[in-house]
2 protein chains.
Amino acid sequence: MERIVATYYIETPFAPEKAAAVLAGEQSSGTFVAVPGETEELKQRFAAKVEEVTFLETVSEPAIPGASSATGQYHRALVKVSWSIENFGYNLPVMISTLQGNLYEIRQFTGLKLLDIQLPASFADHYKGPAFGIEGCRKLTQVYNRPLIGTIIKPSIGLTPEQTAETVKILAEAGIDFVKDDELMSSSANSPFEKRVDAIMDVINRHADKTGKKVMYAFNISGEIDEMMRRYEKILASGGTCAMLSINSVGIAGVKKITDQRALAIHGHRNGWGMLTRHPLLGIEFTAYQKLWRLAGVDQLHVNGIQNKFWESDDSVTTSIKACLEPMFGGYELLPVVSSGQWGGQAPETYRRTQTVDLLYMAGGGIMAHPSGAAAGVVALQQAWQAAVHGLSVEQAAAIYPEFKQSVEKFG
Amino acid sequence: MERIVATYYIETPFAPEKAAAVLAGEQSSGTFVAVPGETEELKQRFAAKVEEVTFLETVSEPAIPGASSATGQYHRALVKVSWSIENFGYNLPVMISTLQGNLYEIRQFTGLKLLDIQLPASFADHYKGPAFGIEGCRKLTQVYNRPLIGTIIKPSIGLTPEQTAETVKILAEAGIDFVKDDELMSSSANSPFEKRVDAIMDVINRHADKTGKKVMYAFNISGEIDEMMRRYEKILASGGTCAMLSINSVGIAGVKKITDQRALAIHGHRNGWGMLTRHPLLGIEFTAYQKLWRLAGVDQLHVNGIQNKFWESDDSVTTSIKACLEPMFGGYELLPVVSSGQWGGQAPETYRRTQTVDLLYMAGGGIMAHPSGAAAGVVALQQAWQAAVHGLSVEQAAAIYPEFKQSVEKFG
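## What about the packing of aromatic side chains?
Here's step 1: Summed over all chains, the structure comprises 26 aromatic pairs over all chains.
Here's step 2: A ring pair is formed by F329 of chain A and Y332 of chain A, whose centres lie 5.1 Å apart and whose planes are at 75°; its orientation type is edge-to-face.
Here's step 3: With a centroid separation of 6.1 Å and an interplanar angle of 15°, the aromatic rings of W343 of chain B and F404 of chain B are classed as stacked. Here the residue W343 of chain B occupies a position in the loop between β12 (335-338) and α14 (347-354), and F404 of chain B occupies one in helix α18 (residues 402-411), the gap between them amounting to 61 residues. This pair shows no difference in class: W343 of chain B is buried, exactly as F404 of chain B is.
Here's step 4: Ring-pair connections join several aromatic residues into one group, and the members of that group are W273, F286, Y289 and W293 of chain A.

Shown next as structure tokens:
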């Protein structure tokens, strides 16, 4: 019978093997006392199994305060645990409850992080994965052999539909590939959703009629199910190609309901992610996280950016980009969305680390606040990526490209 | 204009006022450079406002590793920030993205926890809240003036529908008020959901016909939207009164879609909660969390239990129970679900701390593994609560009640 395998990074005052056994018991047939009906055969079939325990190190302070060790020692280890597919079948919420449920509360742990998940091949028959992915997003935007260049409407919130559309017009004429709502913006007092779609799609459709290039706009439809469905239909009926979801805020059942429509590319915004991963020994790593959202059918997923304005290290961002590009079941391509404080200067380092142009490369202020205006901001980003792929440094690129040079002078 | 106020516990290497201003900027109109269009008027209307900063203490080690302070000092403070209702209207996912989005990633913080939320009165017009709550759950079970006594089917996973129904029969005859699926159990290879509902509701309906008492069974319908809806209908058509949702795993949009049906009481299981709250300076406190789920219409919510088998302190559990019982908009009553390692011995201390019987008091092994069987286990729990309300200690109760005495001998 096929099994799902989860890898955890744990810290425990107990022997790691013992703590791992508690985890496996809690997350399958176990309770705190033996109960009638729990036969050996039953246990064999449905019990979680500890597959592997790799001791790493012993430390003298617990990663998460609150628990204490009689010996003053806390042991760190990698632990692999597996479950039979018979336990929950193909049910993402119940799989999440199994892999990430009560186990974070077990007092045998002073730290626990889900690092990775291995899923059996039959998942590919039950989950269609991203409807568009990298190839589909390229086709919709007609951008090949370079990253999609995108931007976020700023200020995040406050512009009217007309002001937003005016900005989109400038960006479209400047050759932008992708524009998105901010995650704080869905329907505000002075920018109701439907009016914003009308105003923006009017600009985008006209531009497409004239030039053949349709800018992809990710409208933030995050909300309740029926409202998300209505807004999805509104985008589709208006000729739009993309909807944005704040995946943590909506939740996986809601996201899956939307991706199942398979008519718009889904831009997955991971805001709230810091809470789930920022502590090194609590929560979930991006490697595991992005697999769940690929199963849920998200096409584009945020990965932060090199030299970002947030807490995340460049190594971690690099790992995340590579995780998205790693095929799952031989496909399920997921377009990494690089953002946060990006202005083009990070392109050479991003390319050096990842050797890929399969990115949606987002700059907010980096485009809109370019000294010569948004149009020059888009050009500067395209130049930055040309330079990056040719192995040029920021300084070398600035010597060749005037718009990029202005970026360096302002943001560098 | 009405405002939503959030209270955060923060830690920062910077002046707390400065860090709070960064938070407010990031979560409203801000970006890393000034952009055209961001007028003073716009800022006034949509900007998040720092309402209050209360300095607490300075420490020399950051709560979350990774960030560093030039001075080696990290300042802790309580911060209140507010947003106009105009920013997102009545949209739970976008409100969550605003209150709990990118702010956890801001490098100005070495710790950040959302403690509480104050919501404007108009929310009560837009969110109906729990369809049943405490009063409705009492009415459905016909239990008054004492906690509802409940149990969890154990082993968590592995029993057939017939074995489960047989257990439910024993429990019903013993006078149990409530039974639930484990969160790991929804539809397994040897217990398909529909068959389990048929077998269990047959027992429950027969028992109700005979005695007039209908046991509330919380079937775990956690899954994708359409499947949850089908299973909800199945429960309803079979005469059931309750469905269970793993609220973190399903997500708030999915949960709201289900509670909107308003025909079954919704048992909210918070598995995964440890990840969101276990670190004292990361994530969200239960006080804020339970308000979100009341808005989403959950009727019953897990709060852990006194002297539980998990990491949580009794003080924290007490605070959680009180939070659920605190009226919201003058109502929105939420039934606290007390569980984890409970066997009746914790009843006196639970009552002493909370002075309430408005609880769903759950015991798993504590009932099923009672020395004289499950029926005696139920009786022992009822005795424990009688004793608790009369101010008796565990020892005094054991001297009076024989079934409870057996519990003490086995689990005490």
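Further notes follow.
## Points about the packing of helix α8 (residues 225-237) of chain B against helix α10 (residues 252-259) of chain B
All names here are of chain B.
Here's step 1: Two elements in contact, α8 and α10, have axes separated by 10 Å at closest approach and are oriented at 25°. Between α8 and α10, the interaxial angle falls into the category roughly parallel. Crossing hand, α8 versus α10: right-handed. Along the contact surface, α8 presents I225, M228, M229 and Y232, while α10 presents G254, K257 and I258.

## With respect to the pairing of strand β5 (residues 148-152) of chain A
Residue and element names in this part refer to chain A.
Here's step 1: Of all five residues in β5, five are buried, a share of seventy percent or more.
Here's step 2: Because side chains alternate across β5, one face comprises the buried residues L148, G150 and I152, and the other comprises I149 and T151, equally buried.
Here's step 3: For the crossover that starts at β5, traverses helix α6 (residues 161-173) and ends in the parallel strand β6 (residues 178-180), the hand is right-handed.

## Section: the side chain of T277 of chain B
Residues and elements named next belong to chain B.
Here's step 1: Note on placement: T277 falls in helix α11 (residues 273-277).
Here's step 2: Overall, the relative accessible area of 7% leaves T277 in the buried class.
Here's step 3: Reaching out from T277, the side chain makes a polar contact with the backbone oxygen of I284 at a distance of 2.8 Å.
Here's step 4: Aside from chain neighbours lying at most four places away, what touches T277 is K113, L282, I284, E285 and W311.

## A closer look at the domain arrangement of chain A
All names here are of chain A.
Here's step 1: What the domain assignment lists for chain A is domain 1 (3-126) and domain 2 (133-411).
Here's step 2: Each partner contributes to the interface: domain 1 provides 24 residues, whereas domain 2 provides 18 residues.
Here's step 3: In total, about 1800 Å² of surface goes out of reach between domain 1 and domain 2, with carbon and sulfur atoms giving 71% of it.
Here's step 4: Considering only the surface of domain 1 that becomes buried against domain 2, L92, K113 and I117 emerge as the three largest contributors, covering 31% of it.
Here's step 5: Between domain 1 and domain 2 we count two salt bridges in total.
Here's step 6: One salt bridge in this structure joins K291 and D116, with 2.9 Å as the shortest N-O distance.
Here's step 7: In this assembly, domain 1 and domain 2 are joined by 12 residue pairs in polar contact (both at pLDDT 80 or more).
Here's step 8: A per-element tally of the side of domain 1 that touches domain 2 places strand β4 (residues 111-118) first, with seven residues.
Here's step 9: Across the side of domain 1 that touches domain 2, the residue classes tally to 18 nonpolar, two polar and four charged.

## A word on the side chain of D182 of chain A
Residues and elements named next belong to chain A.
Here's step 1: Tracing the backbone shows D182 in the loop between β6 and α7 (193-211).
Here's step 2: The exposure class of D182 is buried, given its relative accessible area of 4%.
Here's step 3: At a separation of 3.3 Å, a polar atom in the side chain of D182 contacts the side chain of S156.

What counts and what doesn't
Residues numbered from 1 in each chain as written. Chains lettered and ligands numbered in written order. Predicted model: local features only at pLDDT ≥ 70, side-chain atom pairs only at ≥ 80, totals over all residues. Heavy atoms only, no water. Phe/Tyr/Trp six-rings, centres within 6.5 Å; stacked < 30°, edge-to-face > 60°. Helix = DSSP H or I, 4+ residues; strand = E, 2+ residues; numbered from the N terminus. Buried < 20%, exposed > 50% of the residue type's maximum accessible area, 1.4 Å probe, protein only. Axes fitted to C-alpha atoms, helices over the stretch in contact; angles between N-to-C directions. Parallel < 35°, antiparallel > 145°, perpendicular 65-115°, else oblique. Left-handed = near helix turned anticlockwise from the far one by under 90°. Contact = heavy atoms within 4.5 Å. Right-handed = clockwise from strand over helix to strand, strands pointing away. Polar contact = N/O pair within 3.5 Å; in protein donor to acceptor, adjacent residues only side chain to side chain. Domains from an automatic or database assignment. Buried area = accessible area lost by both parts, 1.4 Å probe. Salt bridge = Lys/Arg side-chain N within 4 Å of Asp/Glu carboxyl O. Nonpolar A, V, L, I, M, F, W, Y, C, P; charged D, E, K, R; others polar.

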